[in-house]
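Structural overview for review
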Amino acid sequence: MPRAASAPPPPFCPNPSCKYHRNPKGWRFKKKGFYEREARPRRIQRYRCPHCRRSFSSQTFSTTYWLRRPELLSTIFHRVLACSAYRQIASELDVSHTTVLGQAQRLGRHCLLFQERHGPKGPPKEPLALDGFRSFEAGQYWPFDANLLVGASHFVYGFNEAELRRSGTLTKGQRRKREKLEERHGRPDPQATRKAVEELVGRVVPGGSRAELWSDQHPAYPRALARLRGRRIQHSTVSSRQSRTARNPLFPVNLADLLLRHTGAHHKRETIAFSKRRQGAMYRLAIWQVWRNWLKWTSERRRERTPAQALGLVGRRLRVRDVLAERLFPSRLGLAPWVARCYAGAIPTRCLPQGRRFDAKLAF
Ligand SMILES: [Zn+2]
C-alpha cells in the first residue's frame, strides 16, 4: 500500500465547541484510517477526537479543505489582484465561473482571518490616514464607500463599508429611477458613514490608547470620532484639493486608493465587472489588504521591505504559499462584530435578496 503523503499531525481539535479547540494542551487524537479523493495527495489520513468524538482529517487543517480543484487557489489569489473579472479567470483556467467565485470567497474569508491572526496586537504606533474609496454594487444607483485606515508605513490596518445614496448631477429620468428604486428597496442610512468610521477607528484604536489620525474634511468623520470614548485621537484634516504628493499626510491612503483601483477589475470606471454585492467587494478587499501588507513591496522602486516588515511583524516578504500555508479558524481568533459579519457573508445588498451565508461550524 502506498503511504499517504505525510501531513503534519493535527495541532488541535477543529470542533469549535470542543474544549481542545482553543487550548490543545494535553489533547490526544486517534488515527482512523484513510479516505481517497481525486486531487493529489489522493490518500488523506482521517482522525478522531476521543474527547468530543468528532472525526476530521489532515485536510481539515488545509486552506484547500473540501475544494475539488485545490491547485487553483493560489492562481486565483493572483488573478483577483490582476484586474481579471471572474469569467475571464474561469475561461483561462477552464472551470466554471462559480468555481472561481467560490474560491475567491474562500480566499477573502481566509485573508480576513490572516490579518486578524498576524496583524499587530495593540494600538498602531504610527500616524493613520483615513479615506473612503468610492465604488458601487449591483449598478450605478447603489454606491458605497470602502473606508480604509492606512498607516504611514503603508500598512493597511482595517477597512469596512458604508452604503451611500446616489448623488451628483442626475437627469430628471435618473432622479425618477432613484425614487422608484428607493420606494422598493428603502434608502441607505444617511448616518452610514458616521457609523462605519466609528466602527473602524474604534476597532483599530482600542479603548485606552491614543492615535494620530489624518483625513479629508468629510463632515461625518469628526462626528464619528466624537462618539469614541476612552481614546485620545488627535484628528487633523487636509483639504482634498491639496496636491496628492508623497508629502501630503494622506499619501498612504491616497496611494492605497490608486493601488486598489489599479488591481481590481470591479473598481474600474465604466466597467461591466462591477461588484454585484458589497460583500464580494469586501472579500476582494481582504485579499488585497493581505497582498498590500505582506506580499507587495512598500516601494516597487526600492524593493526593500513590505509594510508588515516595516512594522516588525515578519522578517521577510511573504509569498502566496506562505499566506495559504495553514487554515485559520474564526472560533480561535475572537473577531470584532463587523469582521465576523463580513466573514460570514452577512453584509447585505439592499436591492438583492440575502446571499448565501457561510457557517464555519459546519466547515470540517
Ligand atoms: Zn474535540
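Cut-offs applied
- Note on numbering: residues in each chain are counted from 1, in written sequence order.
- Under the rules for a predicted model, residues below a pLDDT of 70 receive no local features and side-chain atom pairs below 80 are neither given nor counted, while totals for whole chains, interfaces and linings still include all residues.
- Neither water nor hydrogens contribute to the side-chain values; these are computed over all heavy atoms in the structure.
- Here a strand is any run of E in DSSP of at least two residues, a helix any run of H or I of at least four, and the numbering for each starts at the N terminus.
- In this description the radius of gyration comes from C-alpha coordinates, and the expected globular size is given by 2.2 Å times residues to the power 0.38.
- Here the term buried applies to any residue with accessible area under 20% of the maximum for its type, exposed to any over 50%, and partly exposed to those in between, with areas from a 1.4 Å probe on protein chains only.
- By the convention used here, residues are in contact when the closest approach between their heavy atoms is within 4.5 Å.
- All accessible areas in this document rest on Shrake-Rupley with a 1.4 Å probe, and a residue is counted as covered only by the protein chains that are shown.
- Asp and Glu are treated as the negative residues and Lys and Arg as the positive ones, with His and the ends of the chain left uncounted.
- A charge is said to be at NZ when it belongs to Lys, at CZ for Arg, at CG for Asp and at CD for Glu.
- Any nitrogen, oxygen or sulfur atom within 2.8 Å of a metal ion counts as a donor, with the limit raised to 3.2 Å for Na, K and Ca, and since water is left out, coordination shells can look unfinished.
- Irregular is the label for any site that misses the other tests, which are tetrahedral for four donors with all angles between 85 and 135 degrees, and square planar for four donors or octahedral for six when opposite donors exceed 155 degrees and the remaining angles lie between 65 and 115.
- For two strands to be treated as a pair, DSSP must find at least two bridges joining them.
- Here, axes are lines fitted to C-alpha atoms. For helices the fit covers the stretch in contact, and angles between N-to-C directions go from 0 to 180 degrees.

**Here we look at the overall build of the protein**
For the protein, the helix and strand inventory stands at eleven helices and eight strands. At 22 Å, the protein has a C-alpha radius of gyration in line with the 21 Å of a compact globule built from 364 residues. Viewed in the frame of its principal axes, the protein has a C-alpha envelope of about 70 × 45 × 40 Å. Of all 364 residues assigned to the protein, the portion counted as buried reaches 50%. Contacts in the protein between residues at least 24 apart in sequence constitute 61% of all its contacts with a sequence separation of at least 6. Per element, the accessible surface of the protein, about 19400 Å² overall, is 49% carbon and sulfur. Between the averaged position of the 72 positive side-chain charges in the protein and that of its 27 negative side-chain charges there is a distance of 6 Å.

**Here's the deal with the coordination of the zinc ion**
Around the zinc ion, the protein supplies Cys13 (SG), Cys18 (SG), Cys49 (SG) and Cys52 (SG) as donor atoms, at distances of 2.3 to 2.4 Å. Bound by four donor atoms, the zinc ion shows angles of 103 to 116° at the metal and therefore tetrahedral coordination geometry. According to the relative accessible area criterion, Cys49 is buried, its value standing at 0%.

**Some words on the sheet that holds strand 4 (residues 128–136)**
Spatially, five strands are ordered 6-5-4-7-8 in an open sheet, and the strand pairing comes out mixed. Because the sheet does not close on itself, it has two edges, and the strands there are strand 6 (156–163) and strand 8 (232–237). Taken over all neighbouring pairs, the strand axes of this sheet differ in orientation by 25° on average, direction set aside. When strand 4 meets strand 7 (residues 210–215), the two strands line up parallel, connected through two bridges. Counterpart to Ala129 in the pairing with strand 7 is Trp214. Contacts from helix 7 (residues 251–263) reach strand 4 and strand 5 (143–151), with the element oriented near 30° to strand 4.

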